[in-house]
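Structural overview
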Amino acid sequence: MEPKKKLINSADSCVDEALCGLVRASGGLSLLKGHRVVLRSDLDNLRGKVALLSGGGSGHEPAHGGYVGAGMLSAAVAGGVFASPPRASILAAILSLHNAGASGVLLIVKNYTGDRLNFGLAAEQARNHDVNVDMVIVADDCAFNQPSKAGRRGLCGTIFIHKLAGALAEEGCSLEQIVSKVTEVLKGIGTLGVSLSPCSVPGCLPSFELPPGQMELGLGIHGEPGIKRSQVASADEILKTMIDHITNPDSQSHLSVKSGDSVVVCVNNLGALSCLEMAVVTRATIICLESRGVVVARVMSGSFMTSLEMAGVSLTLMKANQETLKLFDAKTAAPAWPNLSSVCVSGRSYMIDPQAVSARPQDSSYSEGPLSPVIRKVLERVCSTLLEKQEELNSLDRAAGDGDCGNTHAQAAKAIQEWLQDHVVPGCPGQLLSVLAGLVQEKMGGSSGALYSLFLTAAAGHVNAGRSNAAAWANAMHAGTQAMRRYGGADAGDRTMLDALCPAVDELMKLSKAPPGGEMAVLQNAVEKAASGAESTRDLTARAGRASYIAAERVTLPDPGAVAVAAILKAVLESLKG
């Protein structure tokens, strides 16, 4: 078994290159030379305020460097992938913040032995340099019913502390005040993770094996397995299980959340879930909490503390009051903090009723006109022709498409026939074209349905009861064709229905200058041009439509859409000839 492929240059350089990429892309960040430390570029603005320092192993991006900025961290120190940062770099970061004029330095540390030791040692050494420094340990893991002596792990709840402590520091609170307030908040934070896959450190094999169809509950953020395996369930079921576990009063690690409590929720992508999956999980989380009477005050959903490419999610709940929400909503310049709404999620009306639309044209009642009998006869002839040609069109389409061109045209023909049985043909041609547009859009489907509906809709505005002579119909046909070209992206020569329609319409435009009684001759020529255009597609290279994805040497038959258009125009001519 080989290590999983990753888009890096080397396992040895990936952490330094990632930090460089973060800083180069963020104007408000800088690197501390010789150390894996990300700093605010505006350190002068820390003078007289408490500075915040956090960090840990790499592989959890955007944590922690992405949370450096005014209103959050002053600096973040990174270790190797899943490795605690060295004491020397932590101390260098503390001294940099102290020398910038910070009144104190708060270390925000996740509860892992390596982090506690290295941050703790750096803190003690900083005190020997007369630095006012203190440390807060984040231990928000709710996985274990009976935690070991090492205690609960520090997980994604850490970023809530980054945010609240950062807002307090911006307000000018003292180090002692910030420590006191966030320590109290920490009692109301709980996190649990679930994953559908392990992750792998660059250059190494996956951290654990997970059989197909199984998921891991209660895992940490360093690739370590969880507390329980089970079959993969639906998002709704998984989130219910997670929230049940987080709030289970029989567990020593539980977070007590009852009906009426207000919470801030973080739905955290552990690395490899799609945005679609994350949105589904977020919905399930909100619904599950609200079903228990919990008020969801804020929701953040995205990648905040990852575990490389792990396909999983962690859920963090933080009990919140108005003071907590004020700090949470405070502005920050940290590049990885999302642009969240300050509106309470629960109780917000999130559905907007659409504007009432007029009835479908095919459902309205119309009055007949002098042309209605003729048009009915034409429509009946067109429909019967398309039904007769159903298999021929399907056969042509099978050579370069999915073989349903005849079926879709037949569906449109049947829909028009059914409509004709129960309705009169409107005397206004524009109304008729609108009816036909609605029918083909609804019944024909696919790109053909959209194209015909576009054609008919655009044409409808050019003919009405007082403007229905041959020239008006020609203008309507031209407008419809132009709409198909504009929105469909194809043109004559691309081996589509336009190869039959465009030359026919060009011929029909001569109707405006046709002598009295010469209209049928123009129509005859237009039908011949359409037939010739359809036949020409046999030798054209497809540049649009599904046939454009097929090798040209395999496409040797006429385009079925062009054949259908030629057949429709011929049916119109034959009907008018009587």
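1. Some details on the overall build of the protein chain
Secondary structure summary: the protein chain contains 17 helices and 12 strands in total. For 578 residues, the compact-globule estimate of 2.2 N^0.38 gives 25 Å, and the protein chain exceeds it by more than 25% at 35 Å. Over its C-alpha atoms, taken along the principal directions, the protein chain stretches across nearly 110 × 50 × 50 Å. In the form shown here, the protein chain has an accessible surface area of approximately 26400 Å², with 53% of it arising from carbon and sulfur atoms. Of the charged side chains in the protein chain, 51 are positive and 55 negative, and the gap between their average positions amounts to 3 Å.

2. Some words on the pattern of salt bridges
Under the defined criterion, the tally for this structure stands at 28 salt bridges. Between Asp-42 and Arg-40 there is a salt bridge; the shortest N-O distance is 2.9 Å. We classify Asp-42 as partly exposed; its relative accessible area is 28%. Across the salt bridge formed by Lys-510 and Glu-507, the nearest N and O atoms sit 3.2 Å from each other. Judged by relative accessible area, Lys-510 falls into the partly exposed class, the value being 45%.

3. Observations concerning unusual backbone geometry
Look at the link from Glu-61 to Pro-62: it is a cis peptide, with omega at 15°. Residue position: Pro-62 is located in the loop between β3 (50–58) and β4 (75–81). Backbone torsion omega between Ala-63 and His-64 reads 0°, so that peptide bond is classified as cis. For His-64, the position within the fold is in the loop between β3 and β4. Its identity as a non-glycine residue notwithstanding, Leu-308 has a phi of 55°, on the positive side. The topology assignment puts Leu-308 in the loop between β11 (295–302) and β12 (312–319). One non-glycine residue, Arg-495, adopts positive backbone phi at about 65°. Along the chain, Arg-495 falls in the loop between α14 (470–488) and α15 (498–508).

Criteria and thresholds
Residues numbered from 1 in each chain as written. Predicted model: local features only at pLDDT ≥ 70, side-chain atom pairs only at ≥ 80, totals over all residues. Heavy atoms only, no water. Helix = DSSP H or I, 4+ residues; strand = E, 2+ residues; numbered from the N terminus. Rg over C-alpha atoms; globule rule 2.2 N^0.38 Å. Areas by Shrake-Rupley, 256 points an atom, 1.4 Å probe, with all protein chains shown as cover. Lys, Arg positive; Asp, Glu negative; His and termini not counted. Charge placed at Lys NZ, Arg CZ, Asp CG, Glu CD. Salt bridge = Lys/Arg side-chain N within 4 Å of Asp/Glu carboxyl O. Buried < 20%, exposed > 50% of the residue type's maximum accessible area, 1.4 Å probe, protein only.

In short, shape yes, function no, at least from these values alone.
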